[in-house]
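Listed here are the chains, written in short residue letters.
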Amino acid sequence: MKLKTKFSIFSGLLIILVAFSISALLIFVEEKYLTNETKQKQLSSINNLARVAKDSIIREDDLMILNYINTIRKTEGSISYAMVVNNESKIIAHTDPLLLRTAVEDPIGIKAQTCKDVFMQTYKKGNEEIIDVASPVMVGNKKSGVVRVGFSKTIIDNTLKNTLDTIRKHIIVVTIPVVILGLLGALIFVHTMTKPIKALAQGSKLIAEGKLDTKIKTKGKDELGLLAEQFNIMAVKLNELDELKRDFVSCVTHDLRSPLSAIESYVNDMLEGGLKEFERNGIENLNIIRNNAVRLSRLIDNLLDAAKLESGRIELDLKLTNIHSVINDVAKLFALYAEDKKITIKSKLSELIPGIVIDGDKIRQVLANLVSNSIKFTPSGVPPGGGTITIADELITDTEKNQRFVQISVTDTGIGIPAENLDEIFSKFTKVSNTKGTGLGLFISSNIIELHGGKIWVESPVPGSTKGSKFTFTLPVKSNK
Ligand code: ADP
């Protein structure tokens, strides 16, 4: 069953239930109120009659009570009879003048005669049910007689029934439009609630089908609006990731294909050229083949390292190491490549640097990545006299933490990195503009430095300028125990 149908049925039933419960409660309360009011009226009638009877006895004025009895009969439709009986059981006032001066002999009357307080009895008179309410007439502390009023229960019940019927009709007249309006409101509410959910479901379906540029319209700032907003953010991120993935796959494919094609073509050349061709260009060709094989193996190493770092499977081989020898190795390794691009590699090494406990091979890999990037992103021969790459180190003491660090920086005079990309450059697959490569080198480097307990960052060597870049990383100085 659809959510919309479920919501509609549920809210519809709820509205009907609430409306009818309130109506039933109103009718019940009204019935109670009316019954109570009838009783109060009966009591006040009998009390008034007792008061007038008392006055008439004190004033010895029979006419007074007779007049009163005649008037109450006319004003109160439910009164069947009213009478005043003296202590000798003689009727001294009655709504039926024929019964005046007669004796009370019926069992109800005899019982009523003995009452000490308001006393009620119900009995049948023909088809009519009568409620006989009696009360003593007290003059001082002395009982001077009894007043009795007979109420027709049938008339009372009919009046009550008619009043309740009218109330019921009124309630129905009010309830039906309220229920209809409530149901309409519920339908509108259900529609507005399920519309964004439907849009979200539709959006998710499209994303699952690979349409990652899907966007859903967001309205309002409620939870559903926020969910839709988050959904759109997620879709944008997924799209970015997808682009990144495509970009990465094409870069990896390119980086795999180009050295492989080079190797294949040089091997073919040598096979086709025979011994003479081998004698002429053999060594040079083999060097090219070896360089391409190294490129391939570096790419595969990078991919493997990234995978290992992500799964936490990389382990450091920590040894006390002379960091200067690592720096010099890297400078030497890239000297020829730099020279080809008319770039000078300089080292500014501090004599204060102690031996540090590091994984020498991994730190060499970090430095090699930074230096090779610097060569890659420094145009040949610029600035006049050629570009420069400076590798420097210094000993830093953090007095607060009582910790010493070796701080190593690689500064170049190359194209630099735009300020807005400085923070993201260490993330996986991140490359600035359309440069070649997998965007894994700095990700791996930053992870290796973090594994050593150090930090890595990049900045512009000249504050405010976009020229050149300066990568710095720290390595804590600790003993190898
Ligand atoms: P890759 O492994 O593909 O070389 P890196 O993670 O090492 O990727 O570098 C990511 C990106 O950072 C590069 O594509 C480049 O845009 C930028 N970058 C890195 N080093 C430098 C540098 N020295 N000068 C300018 N841009 C750089």
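Worth saying up front: this structure is predicted, and the values here are computed from it rather than measured.

Thresholds applied
- Residues numbered from 1 in each chain as written.
- Predicted model: local features only at pLDDT ≥ 70, side-chain atom pairs only at ≥ 80, totals over all residues.
- Heavy atoms only, no water.
- Domains from an automatic or database assignment.
- Near = heavy atom within 4 Å.
- Polar contact = N/O pair within 3.5 Å; in protein donor to acceptor, adjacent residues only side chain to side chain.
- Areas by Shrake-Rupley, 256 points an atom, 1.4 Å probe, with all protein chains shown as cover.
- Helix = DSSP H or I, 4+ residues; strand = E, 2+ residues; numbered from the N terminus.
- Nonpolar A, V, L, I, M, F, W, Y, C, P; charged D, E, K, R; others polar.
- Pairing = 2+ DSSP bridges.
- Axes fitted to C-alpha atoms, helices over the stretch in contact; angles between N-to-C directions.
- Contact = heavy atoms within 4.5 Å.
- Core = buried A, V, L, I, M, F, W, Y, C linked by side-chain atoms within 4.5 Å.
- Buried < 20%, exposed > 50% of the residue type's maximum accessible area, 1.4 Å probe, protein only.
- Phe/Tyr/Trp six-rings, centres within 6.5 Å; stacked < 30°, edge-to-face > 60°.

Caption draft 1: Molecular detail of the domain arrangement of the protein chain. According to the domain assignment, the protein chain contains domain 1 (3-160) and domain 2 (319-476). Each of domain 1 and domain 2 has a C-alpha centre, and the two are 107 Å apart.

Caption draft 2: Expanded view of the site of the ligand. Taken together, 21 residues form the shell around the ligand, and within it Asn373, Asp412, Thr438, Gly439 and Leu442 come nearest. Gly439 is positioned with one of its backbone polar atoms (N or O) 2.8 Å from an oxygen atom of the ligand. For the ligand, an oxygen atom lies 2.7 Å from a polar atom in the backbone of Leu442. Relative to its unbound accessible area of 550 Å², the ligand is 97% covered by the protein chains. When contributions to the shell around the ligand are tallied by element, the ones reaching two or more residues are α7 (360-376), α8 (441-451) and β12 (469-476). When residues of the shell around the ligand are assigned to their parent elements, the largest contribution, four residues, is made by α7. Taken together, the residues of the shell around the ligand break down into seven nonpolar, eleven polar and three charged.

Caption draft 3: Highlighting the sheet that holds strand β3 (residues 119-125). If you walk across this open sheet you meet the five strands as β2-β1-β5-β4-β3, and the pairing is antiparallel. Edge positions in the open sheet fall to β2 (91-94) and β3, since each of these has one partner strand only. Direction aside, neighbouring strands of the sheet carry axes that sit 25° apart on average. Where strand β4 (residues 128-139) and strand β5 (residues 142-152) come together, ten bridges link them in antiparallel fashion. By the bridge assignment, Val133 is partnered in β5 with Val149. Against the sheet, helix α2 (residues 62-75) contacts β1 (79-86) and β2, and its axis sits at roughly 165° relative to β1. This element, helix α4 (residues 153-208), spans β3, β4 and β5 of the sheet and lies at about 110° to β4.

Caption draft 4: The arrangement of the nonpolar core in detail. Ranked by size, the top nonpolar core spans 44 residues in total, and within it Ile323, Ile363, Leu367, Ile408, Phe473 and Leu475 carry the most contacts. Sequence-distant contacts of Ile363, defined by excluding residues within four places in its chain, comprise Ile323, Val326, Ile358, Ile448, Ile449, His452, Phe473 and Leu475. The next biggest cluster of nonpolar side chains, apart from the first, holds 20 residues, and it includes Ile72, Ile92, Ala93 and Ile131.

Caption draft 5: Just the pairing of β12, in detail. Counted residue by residue, β12 has seven buried out of eight residues, so it is predominantly covered. As judged from the eight bridges shared by strand β10 (residues 403-412) and β12, these two strands associate in the antiparallel manner. When the bridges of β12 are listed, Phe405 appears paired with Pro476. As judged from the four bridges shared by strand β11 (residues 456-459) and β12, these two strands associate in the antiparallel manner. Pairing of Trp457 across the sheet is with Thr472, part of β12.

Caption draft 6: Spotlight on the side chain of Lys362. Tracing the chain through its elements places Lys362 in helix α7. When neighbours within four sequence positions are excluded, Lys362 is seen to be in contact with Ile314, Glu315, Leu316, Ile448 and His452.

Caption draft 7: Summary view of the packing of aromatic side chains. Inspection of every chain in the model, using the stated rule, returns two aromatic pairs. Relative to Phe471, the ring of Phe426 has its centre 6.1 Å away and its plane inclined at 85°; by these criteria the two rings are edge-to-face. Of this pair, Phe426 sits in the loop between β10 and α8 while Phe471 sits in strand β12; the two residues are 45 residues apart in sequence, bridging distant segments of the chain. Each member of the pair, Phe426 as well as Phe471, carries the same accessibility label: buried.

Caption draft 8: Focus on the sheet that holds strand β9 (residues 387-398). Read from one edge to the other, the open sheet built from five strands follows the order β7-β9-β10-β12-β11, with strand pairing classed as mixed. Sheet topology places β7 (343-348) and β11 at the edges, where each strand pairs with a single neighbour. On average, adjacent strands in this sheet sit at an angle of 20° to one another, irrespective of strand direction. Relative to the sheet, α8 contacts β11 and β12, its axis offset from that of β12 by approximately 30°.

Caption draft 9: Spatial organisation of unusual backbone geometry. For Glu60, which is not glycine, the phi dihedral falls at a positive 50°. Topologically, Glu60 is positioned in the loop between α1 (3-58) and α2. Classification of Glu60 by relative accessible area gives exposed; the value is 71%. Despite not being glycine, Arg101 has its phi angle at roughly 70°, a positive value. With respect to the secondary-structure elements, Arg101 resides in the loop between β2 and α3 (107-113).

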